[in-house]
Each structure stands twice: as C-alpha cells, then as structure tokens.
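Each chain, written out:
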Amino acid sequence: MQLSPPGNLPSRENMDTATSVKHLGEFTGEEVLLEGWVYNSRSSGKVGFLMLRDGTGIVQCVLSRADVGEELFAAFKELTQETSITVWGVVKEDSRAPGGYEIIAGGFTVHQLALDYPITPKEHGTAFLMDHRHLWLRSRRQHAIMLVRHEIIRATRDFLDDNDFILVDTPIITPNACEGTSTLFGLDYFGRQAYLTQSGQLYNEANARAHKRVYCFGPTFRAEKSKTRRHLTEFWMVEPEMAYCDLEGDMAWAEQLVAYIVSRVLETSGQQLEVLERDTGKLEQVKAPFPRLSYTEAVKSLQSAGVDMQWGGDFGGGDETIISEQYDQPLIVHRFPAAIKAFYMKQDPDDNKLALGMDILAPEGYGEIVGGGQREEDLEVLMARLLEEGLSAQEYEWYLDLRRYGSVPCAGFGMGIERVVAWICGLPHVRETIAFPRLLNRLEP
RNA sequence: UCCGGUGUAGCUCAAUUGGUAGAGCGAGUGGCUGUUAACCACUAGGUUGUAGGUUCGAGUCCUACCGCCGGAGCCA
C-alpha cells in the first residue's frame, strides 16, 4: 500500500533518510521519516494515535482525519499490532505525549500487515511468553533488559581494556574435563570424545604468561540438571586472569570491576531501570571496597543465625542469601576449605586446610556473581593435587608447563553476565537476561 | 531424581455441596476530535492436558501418565 500525502503536509520526497525515535529531540519542528512497527493504536472518530516502535524507542504519531484525508485515515484504522510501517511527519514537543515528543503524521507506508500478533497488551504467563520469546523480545521490558545487558558488557570490556587487559579468546570445544565430566555437555569430535567448555581459565593462565593481564569472554556450558532461578545451561562469563597477582589483588580487581559496572549502568541507563521499576537507591550504595568475610567467619555467622551447618561444607542458595542479606553491598567471601575446591587453587600458606579462593555475593539475595582465586604456582604441589583428584597428569602436560617455564603467582576470576544482569535489573529469574535462554526444560526457540 | 502446586476460549482467569461452561483482554462490525494497556455497543470463539474409573449426572471425586511452575539436591 502506498498512499500519497495531501498537498500541504510534509511529503516523503522531502526526506532522504530515516531518523530514529532516540534522536527525535534533534529535529523539533522538522519533518522526519521513521521506520518501525505498530506498538499499539487508538482512535476516536476523527483523531488517531499510533504508537510507533522503531527499536530505539517508542513515539506517538497523531493522525487527524481532517489533515490526512478520508482514505489515509481509513487505512490507519486497519493497522494491527506489530505491522511494519514507515511513517513521516513533523516532530512536535507535546507534554501530553508519552516521551515528550510526538509526530504530526503526514502519511505512512505499510510493509507487511501483521495479523493476530500473539502477545497482546494484556498480561501473559511466563510459559506462554517464553514459547514466544522471539516476539517477546520486542516488548518494552525485554527491550530495556537487553539494553542494560549491552551496557554491562560494554562497561566490563571498557574497564578491562582501559586497565591493560588483552582479550584473548579461549576454546569452546575442549578435550578434557577440568573438574569432572558430570557437568559437561559431551560431543563427538571426529570420533573422539570432546566437551563444551565450562571455563576458559586454564587457557587464560597460559595467555596471562604471554600478555600479563588477559580476559576471555564467551559462552559457557553446564549440563547440571538444576532447576532454579539462577541457573542456565548456557551462559556468558567474562574471565580475567592476571600474572603476578595474588588473592588480595584478585579481590581488588573483581570488586573494582563490579563497582564500575554498577556506576556505568546508573550513569547511562536510568531510563531502562525506570522501565524495569528498579530501586536504584540500592545500586547507588555499591562502592568499592566491598565488605570481606572469610569462609570460617561466614560459617560462624550462619551457625549463630540458627543454620545447621558444619565447617567444611559448601553453602546452599539459602545460606548465601542469609549471609549477603546482612549487607547492603556486594560481599566477598574468601578462603574456603581446600577439599571442596578445584585442584588448581592455591593452598593458604597460613593454613593448608584452606584454599585461596573467593566469591562475590550480590546483595538483595542475588547470590554468587563472581568466583575465583589464586592459582597454585608450584609444580610439585600442583601435580600432587591433580593426582589426588584422580586426574591424569598426561592430559595436563601443557598446563604443567606453565609451572616449569617462568612460573609466577597468578590469579583470576569468572563473572557470570546473566546473574549480574538479573541483579542490576532487579529480575526474579535469569531466564529474562539473555535473548534465547537455554534451560533444563527449554531448548526452543 | 525427590517434594509441593497447577492444567478451563488465542491470552489471563472465574465456575457454590457433583446439576445448562462464564468474564476481561485480543479478534470482527459499528460509534466517538487528545487518546495514554483509550472508551461505548454488538458478534464470533470450548473434545475443560491425555487415558481410564465412580455416578442418573464429572471442569469438580478417584487412578495412571504428560506438560508447566516453584522448591530441594547438584552447581556458577
């Protein structure tokens, strides 16, 4: 359908390129062309309101029957939700319009009329929305979440890049399991057993000896049959690794990264947080340094809170919540029992029952967002720990080489992007923090 | 894998003690000159998750299975 606008209104020929809703403020009083989709439309007998969504924002376009003519006005009334259209008209400041600006429309062109769009402006259940995830992404809240995710990733990369970290990607397909095969997705690699990575850390350690400070950033896979609000089977993790760094340095880098991300989102994404109805007061309190608690202190604190827990065990999700709710900042828990940690984690020289690991627990019950620690740099100790875990030294020869040729203290951590997004956006579940989540019971769409 | 909940129109939900399956939204038709998830009137829309059982009669009670949601375990 192509309709010509009447004579005294802006015509499409006057404009060469389309602008976007995000930049409308620069065109007050001018004619613009917008390309987008119908978000919603309303009409009374002689005035129509078209909410146009163009990916950068939503703007109300006003069509007056007297101005646009009978034919165009009748065509407007045929428009359905999510129909793709190009609209042209004059930008006008108007306090009655959501967003402060509206378009006095001169005309529009329909590209495709969308019939029976499944997601109506009313409420829907999560199962239905997840089945229509490919369409749900267009809605206002989901759009805002993806923008915040984008900003979190940008802030992460800016922070690391500006501090002389080099992005060195690590492989997704790996030949062996660094911490047992039960949590890994297996795959056939030309007749050999291979796995999807659950961490780039071992490779990061090699890269850190080439570049001193490195990070990898990619998808990570866990085949755990976990069915909780904080687990995905495929998630994105950024993993910085630093040569010549100990546990203290590791904690400092991690807390500064987290604090920087929060301040950047507050600075740039206020509009999105408003759409998400996030209480930003709680985010504004996030400032490095974060409070620190040793594992041993955390266990004592839990025991005095009435939790039945012995020294040596791992924290459950509920335990994490109880500990972190005592603080309004992210909390660093450090020095865990060596027995429950991976073979490559360095033992505490002051107490060999402890490993030099650390976790950061997000406030408001969001749980662990960062996990990391100092690596064992001594060849003999590392070899002994590896064999203790029943792993084959032969498969880790290249990793052991890192201790043979210029070994140094080395530390790093992994930060789960989806958990950080869930926390900063104030979402109850990580499934909305990624465009197409992979969950225990969900592989589609 | 275990425990709990749930499944009714395209969507979100009602339906009394077991007695004719209903509303809002969405869709369609008409009306309305400033709407904000617009509003008003009318219309269409159903194998009540599946299979079996009890009963004169089952959305409702019983059994099994399936899906989904939440929690536990396991994990980041």
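Right above here is the structure, for reference.
Reading guide: rules and limits
Residues numbered from 1 in each chain as written. Chains lettered and ligands numbered in written order. Predicted model: local features only at pLDDT ≥ 70, side-chain atom pairs only at ≥ 80, totals over all residues. Heavy atoms only, no water. Helix = DSSP H or I, 4+ residues; strand = E, 2+ residues; numbered from the N terminus. Buried < 20%, exposed > 50% of the residue type's maximum accessible area, 1.4 Å probe, protein only. Contact = heavy atoms within 4.5 Å. Areas by Shrake-Rupley, 256 points an atom, 1.4 Å probe, with all protein chains shown as cover. Lys, Arg positive; Asp, Glu negative; His and termini not counted. Charge placed at Lys NZ, Arg CZ, Asp CG, Glu CD. Pairing = 2+ DSSP bridges. Axes fitted to C-alpha atoms, helices over the stretch in contact; angles between N-to-C directions. Salt bridge = Lys/Arg side-chain N within 4 Å of Asp/Glu carboxyl O.

Chemist: Looking at this structure, how should I read the overall build of chain A?
Modeler: Secondary structure summary: chain A contains 14 helices and 17 strands in total. If one aligns the C-alpha atoms of chain A with their principal axes, the spans along those axes are about 85 × 55 × 40 Å. Across the 445 residues that make up chain A, the buried fraction comes to 49%. Across chain A, contacts joining residues at least 24 apart in sequence account for 66% of those joining residues at least 6 apart. A total accessible area of about 20,900 Å² is found for chain A, and carbon and sulfur atoms account for 49% of it. Looking at charge distribution, chain A has the averaged site of its 44 positive side-chain charges lying 4 Å from that of its 65 negative ones.

Chemist: I'm lost on the sheet that holds strand 4 (residues 84-93) in this one. Help?
Modeler: In space, the five strands of this closed barrel follow the order 1-2-3-5-4, with mixed pairing throughout. For this sheet, the mean inter-axis angle between neighbouring strands, taken without regard to orientation, is 55°.

Chemist: Please clarify how the pattern of salt bridges should be interpreted in this entry.
Modeler: Within this structure, the stated rule accounts for 21 salt bridges. For the salt bridge of R53 with E82, the shortest nitrogen-to-oxygen distance reads 2.8 Å. In this pair, R53 sits in strand 2 (residues 47-53) while E82 sits in the loop between helix 2 (70-77) and strand 4, placing the two residues 29 residues apart along the sequence. Exposure class is identical for R53 and E82. Each is buried. For K92, the salt bridge goes to D94, with nearest N and O atoms at 3.5 Å. Among the charged side chains, a salt-bridge network with shared partners connects E151, R154, D158 and R264.

Chemist: What should I look at first to understand the environment of A435 in this one?
Modeler: One can find A435 in the segment after helix 14 (417-425). Linking A435 and K282, residues 153 residues apart in sequence, is a C-alpha distance of 26 Å. Once residues lying within four places of it in the same chain are set aside, the contact partners of A435 are R133, L137 and M146.

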